[in-house]
Number of protein chains: 4
Amino acid sequence: LQEGLAMKVSVIGPTGYTGRELVRILLRHGKVEDFLLFGRQEAYFHKEYPEFLGVCEKKIELLEAQKAVQGMDAVFIALPHKVSMEVTPLIRQADKKIKIIDLSADYRLTGADIYKRAYGVEHKDPGYLGKYVYGLCEANREAIRQARFVANPGCYPTSVLIPLIPLMEKGMLEGTVIADCKSGASGAGKSLSQMLHFVECNENIVPYKIFQHQHAYEMAQFMGFFDKSLDLIFTPQLLPIDTGILTVLYIKLKKSADKEKVKALYLERFAGEKFVRVLPESDMPTPAKVRNSNFCDINVFADKQKEYIIVVSAIDNLIKGGSGQAVQNLNIMSGLEEGEGLL
Amino acid sequence: LQEGLAMKVSVIGPTGYTGRELVRILLRHGKVEDFLLFGRQEAYFHKEYPEFLGVCEKKIELLEAQKAVQGMDAVFIALPHKVSMEVTPLIRQADKKIKIIDLSADYRLTGADIYKRAYGVEHKDPGYLGKYVYGLCEANREAIRQARFVANPGCYPTSVLIPLIPLMEKGMLEGTVIADCKSGASGAGKSLSQMLHFVECNENIVPYKIFQHQHAYEMAQFMGFFDKSLDLIFTPQLLPIDTGILTVLYIKLKKSADKEKVKALYLERFAGEKFVRVLPESDMPTPAKVRNSNFCDINVFADKQKEYIIVVSAIDNLIKGGSGQAVQNLNIMSGLEEGEGLL
Amino acid sequence: LQEGLAMKVSVIGPTGYTGRELVRILLRHGKVEDFLLFGRQEAYFHKEYPEFLGVCEKKIELLEAQKAVQGMDAVFIALPHKVSMEVTPLIRQADKKIKIIDLSADYRLTGADIYKRAYGVEHKDPGYLGKYVYGLCEANREAIRQARFVANPGCYPTSVLIPLIPLMEKGMLEGTVIADCKSGASGAGKSLSQMLHFVECNENIVPYKIFQHQHAYEMAQFMGFFDKSLDLIFTPQLLPIDTGILTVLYIKLKKSADKEKVKALYLERFAGEKFVRVLPESDMPTPAKVRNSNFCDINVFADKQKEYIIVVSAIDNLIKGGSGQAVQNLNIMSGLEEGEGLL
Amino acid sequence: LQEGLAMKVSVIGPTGYTGRELVRILLRHGKVEDFLLFGRQEAYFHKEYPEFLGVCEKKIELLEAQKAVQGMDAVFIALPHKVSMEVTPLIRQADKKIKIIDLSADYRLTGADIYKRAYGVEHKDPGYLGKYVYGLCEANREAIRQARFVANPGCYPTSVLIPLIPLMEKGMLEGTVIADCKSGASGAGKSLSQMLHFVECNENIVPYKIFQHQHAYEMAQFMGFFDKSLDLIFTPQLLPIDTGILTVLYIKLKKSADKEKVKALYLERFAGEKFVRVLPESDMPTPAKVRNSNFCDINVFADKQKEYIIVVSAIDNLIKGGSGQAVQNLNIMSGLEEGEGLL
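To keep things clear, this report deals only with the structure shown in the data block.

What counts, and at which threshold
Residues numbered from 1 in each chain as written. Chains lettered and ligands numbered in written order. Predicted model: local features only at pLDDT ≥ 70, side-chain atom pairs only at ≥ 80, totals over all residues. Heavy atoms only, no water. Contact = heavy atoms within 4.5 Å. Buried area = accessible area lost by both parts, 1.4 Å probe. Salt bridge = Lys/Arg side-chain N within 4 Å of Asp/Glu carboxyl O. Polar contact = N/O pair within 3.5 Å; in protein donor to acceptor, adjacent residues only side chain to side chain. Helix = DSSP H or I, 4+ residues; strand = E, 2+ residues; numbered from the N terminus. Nonpolar A, V, L, I, M, F, W, Y, C, P; charged D, E, K, R; others polar. Least-squares fit on C-alpha atoms with pLDDT ≥ 70 in both. Buried < 20%, exposed > 50% of the residue type's maximum accessible area, 1.4 Å probe, protein only. Pairing = 2+ DSSP bridges.

One frequent convention defines the size of an interface as the accessible area lost when the parts assemble. Taken together, the 43 residues of chain A in the interface contact 43 residues of chain D. Interface area, chain A with chain D, both sides summed: about 3,500 Å², of which 63% is carbon and sulfur. Among the residues chain A hides against chain D, the three largest losses belong to E203(A), F211(A) and Y308(A). Together they make up 19% of the total. Notably, a salt bridge pairs D180(D) with K182(A), separated by 3.2 Å at the nearest N-O pair. Applying the counting criterion to the chain A and chain D interface returns 21 residue pairs in polar contact (both at pLDDT 80 or more). Residue assignment for the side of chain A that touches chain D shows that the elements contributing at least two residues are β9 (175–183), β10 (206–207), β11 (230–238), β12 (245–251), α12 (287–290) and β15 (309–315) of chain A. With 6 residues, β9(A) is the largest single contributor of residues to the side of chain A that touches chain D. In terms of residue class, the side of chain A that touches chain D is built from 25 nonpolar, 8 polar and 10 charged.

This next bit is on the relation of the copies chain D and chain C. Superposing chain D onto chain C takes a rotation of 180 degrees combined with a translation of 0.0 Å along the rotation axis, leaving an RMSD of 0.0 Å. Between the two chains, the operation in question is that of a two-fold axis. Rotation axis and chain D: the residue whose C-alpha lies nearest the axis is F198(D), separated from it by 2.1 Å. Same-surface contact between copies: 100% of interface residues of chain D are shared with the interface of chain C.

Now for the interface of chain D and chain C. Facing the 20 residues of chain D at the interface are 20 residues of chain C. Both faces combined, the contact of chain D with chain C buries some 1,700 Å², and carbon together with sulfur accounts for 61% of it. Looking at the side of chain D facing chain C, the largest losses of area belong to L192(D), H197(D) and F198(D), adding up to 39% of the total buried there. The tally of links from chain D across to chain C stands at 0 salt bridges. Scanning the region where chain D abuts chain C turns up 8 residue pairs in polar contact (both at pLDDT 80 or more).

When chain A is fitted to chain D, the best match, at an RMSD of 0.0 Å, comes from turning it 180 degrees and sliding it 0.0 Å along the axis. A share of 100% of the interface residues of chain A reappears at the interface of chain D, consistent with the copies meeting face to face through the same patch.

With that out of the way, let us pick up the pattern of salt bridges. Scanning the entire structure with this criterion turns up 101 salt bridges over all chains. Where K8(D) meets E33(D), a salt bridge forms, and the shortest distance between an N and an O atom there is 3.9 Å. With K8(D) in strand β1 (residues 7–12) and E33(D) in strand β2 (residues 32–39), the pair connects residues that are 25 residues apart, well separated along the chain. You can call K8(D) partly exposed: its relative accessible area is 33%. Between K261(D) and D258(D) there is a salt bridge; the shortest N-O distance is 4.0 Å. Given the relative accessible area of 56%, K261(D) is considered exposed. One network of salt bridges, with partners in common, ties together R141(A), E169(A), R269(A), E273(A) and E338(A).

On to the sheet that holds strand β2 (residues 32–39) of chain B, then. Residues and elements named next belong to chain B. Read from one edge to the other, the open sheet built from 8 strands follows the order β3-β4-β2-β1-β5-β6-β8-β7, with strand pairing classed as mixed. Strands at the two margins of the open sheet, each flanked by one partner only, are β3 (43–44) and β7 (133–134). Strand direction decides the pairing type here: β3 and strand β4 (residues 59–62), joined by 2 bridges, are antiparallel. Pairing of A43 across the sheet is with I60, part of β4.

Shown next as structure tokens:
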């Protein structure tokens, strides 16, 4: 795409919460001239999300691969996992050059065996596992720039992995990283479940899937799955708030590392990043500070006497942990200003 | 029942939120020696409500009318409406003397035609409509004392009608009473629905069924349905809180009434009532002040210049608006201290 | 201002919640090239609101009237009431042509006597009461276009008065309008108070200042204060949510009015309004649907049998009830596209 | 105290949230015949907590040591830390035999130097540090039985230390225990602060005092402060809920320990404990399950492949983490049934 030219994109599966945010961002994206919505049933976007009455009353058309790619520069796939891998091959066949940004989990893992372990089913499009770039922009920017296929990271992995980048790049990690993560209820999706009944969720905080959450595979893979020297423990917890993830990381550095210099390392590493803010002094990352934004806020706490350092991060699970990051990926893939539509 | 003797009761349908509170109250009721639970499926109470682990691990037995009445002094029916009217005749047949306190809506209305209008189906036990005493304790205490069958009022009606008692008894009402009511989410029950999804309910307040809520019939009936001089407008609204109803009543008094004496009337009328507190000065009834209690808090606001007086009430929808009132009814029917188990 | 030319504006008092939203809007306003912040103490905006780190790190300069008007097209005054009337005369003296949009309550009322009754103190700039246009855009657009001074309506009045416009214009109101209003906690401001302690506010809803809220005067004035045929009862209630007002209006129409045509009247009256949405069928206005937007959502409910119609409205108290409306006023006063910065 | 005899107790400082819960428990305590309230200012309990209108309208008398001990069996001191150590010596002087249960932090630490490090001031009654039994009932029951002075543990320490008891007693701990703790807002007390403003706290979760919370000393002391082989990292976080603490512990066991037997160890160790529930299978401890109860719920998660086990606990911070535990201590000290007033 030439700078200055406008783009057209499709969104497949816009009725989930990340789809909703994706539409919100696309509406204000200066380089996206138009977009179309496709779903598994016909509907109107503003009937699904009545707050969009008068703002976006687009029809959600019944998905046909040909229509979804026709005249499009890119396709966002915001379908549930297990569904994306059924639809994606049709999209690829319909247009062999189209860019695909997949917000589902279906193309994040690079091996069919791990996919099966994580999601409990056989992958239906295994030939393309490994052909997607993992769209963690701050880590993989150059690869994303070249990519036709990007797998947008999960919300929890985004909150865990961005703050690990500086330490991983310097080889400072050792043993097990502990990620104690708390997510707002929108992270659990729009489908009904007892856990999301207001009375169950409200005035509560609920850990779930301890040692068993499927996102752990994605994080472990990024950290170097087959290098057995590193491991990750990930504890997801459901908060009585709408949006936001707070992650507290407990990290044992290699003996050679100087704890007092870690904050400086973070400041330096993320100095040029538009969407990572390393907070001053002991300011705390919180969901409120990043709500409705594409920021990942981070701070680092070290104490000489202590065996571990603590790194705290916060993101909006639907933006930086979902649609904001997806558009950031689109911007990078298309040679646009990385923050377009996101500030 | 002789004072001092212990009772046995059954609870049919203990798995809803009112059932849960009923069990909680029965556990501390000094005159209920034992109680049994019956449901439409076998289960264990502490599996349904894990907070009861080690506290109440009773089996919920599959309902058989004979078992549910055997050796019992009373039966609480906490089934959904439309179900109660199928089960109740069996209970009556199984024991012709047993006391029944029905927490469903099925026996509150006195006419089969109004029932159909309110609930959209034919009543299946119409011969018994009108044979139940409406269990609004503060209004109908003497009738309840004599009653074998009591229909426990709905939560909204309780919050609306208790504060109307003094004015109704004095014939001071005129025209339309406006009841603007706000209820916590437990009032909408334990079943899943989009409206009760955490993300939909949280950070919101949602009016619903304006001019169409089935509880309006019950209130209108109590106010004198066929006397066309009085009417009620009832606006239910869903709050992002677990329990509690706040009701604001806008009332035009008859011209002969002296607004400045209304508060005194309330204080006098409720002076002997254990569970009605007319608050001092301009203290506000709120859900927080009555949570987990059987109180109905009330205050009265009058201004000479204004056409309407305002009466504010607050109850816990599951206690005074449900199981607390049901046990208060049991106590009255059984000649017990009215506050037994409720303080 | 010529179309296409950029503007400069000052914000005096940007540290309250409405100030925060005003800054957020100005940052994305296409015709505001720059803005300066002034306060009663020096500070940095992103220290007051750390979510603005890297987004708006403007200095809040110590207020000097001359600096605040120098090179400016307009001044927003977002000071507390009682403070604005001390500062405003200095601003006027410093620049005799500058446009002023006052978000405080100090210039909304047209009489010094009423001001004293409402706010309990003498007005310090009484000569300018009555020289401000009341900035309810949908009612007073033409006057605002000509105005140099605009008094931005309060949040509660905005939610009450916009839905009354069609009925007032047609002379259909009679007697007392009842406004049962529920507001999120941000409406009570950023200052600490027992009422706003999390534990007091959470899981609760609290009516306050019944018959005594200062905003009642502003509403009554708009409805025609001295025409004794109309009155208003206004019941403010504090909700456990951050932002949003839900207002339920109970309205008795003149006998000549046809209830069944009221919805059509609303649809027609607001057809050309960018920021008023009359919802289809029985869709409910709610705070969630208008959050972070400048919309006022409205719906109308009528029932032949009932003495009153019900009109429900919802706004974001900080946007349409505060800074969004203020910018809408700026746009109108400056001949800009009315929705600039607000969509 | 002889079994069957009734007791009298004083509560000094009943106006905080723990004081409120203490009064609630004492009202239903079968062996406490009466209790008096004393504070630093005269007041009425039901004016401080209007939900107690008609339930407990006791006067809070101005504290005089002699009055507070006269005819009393025990004194609860529910004053803030730094205040308790000024008042306690007067109480001891006034009655040399009275039992004292101190809910403040002032007598939990055994050394004046550590106290100064934790609380930043010199201890004013250092001779009595070390003369208090640390009232963690499940660990120190026998010592409590003999004690005249009991220091009631903090809320966070209770949630962290009860689940460590089995591992400490077996010497299975090694290195650093990580305690990631989340507390409801009542844990931060009733005083006003920006952090507790509804709008700041709501829809958020805020870590604070990382590596610096004063409760860390109390926990470290219990774990063996001077035995440098064990350490604790404690991360407190403020939740947008009223009550409850959820603690997630990350624990590296000694190599000799068999991870798969840890759950069995917990079940065995706590089998006889009334107020510790080791949950079945993978049921999760949550604040909702223990709300308004004196339970500490625990579950244990182990995975062969992982370096750490995870132990999750939940308590009500005001009950088991405050007044419930205080009354449990009273019961033990007085030879009463341990659960009296608590079930």
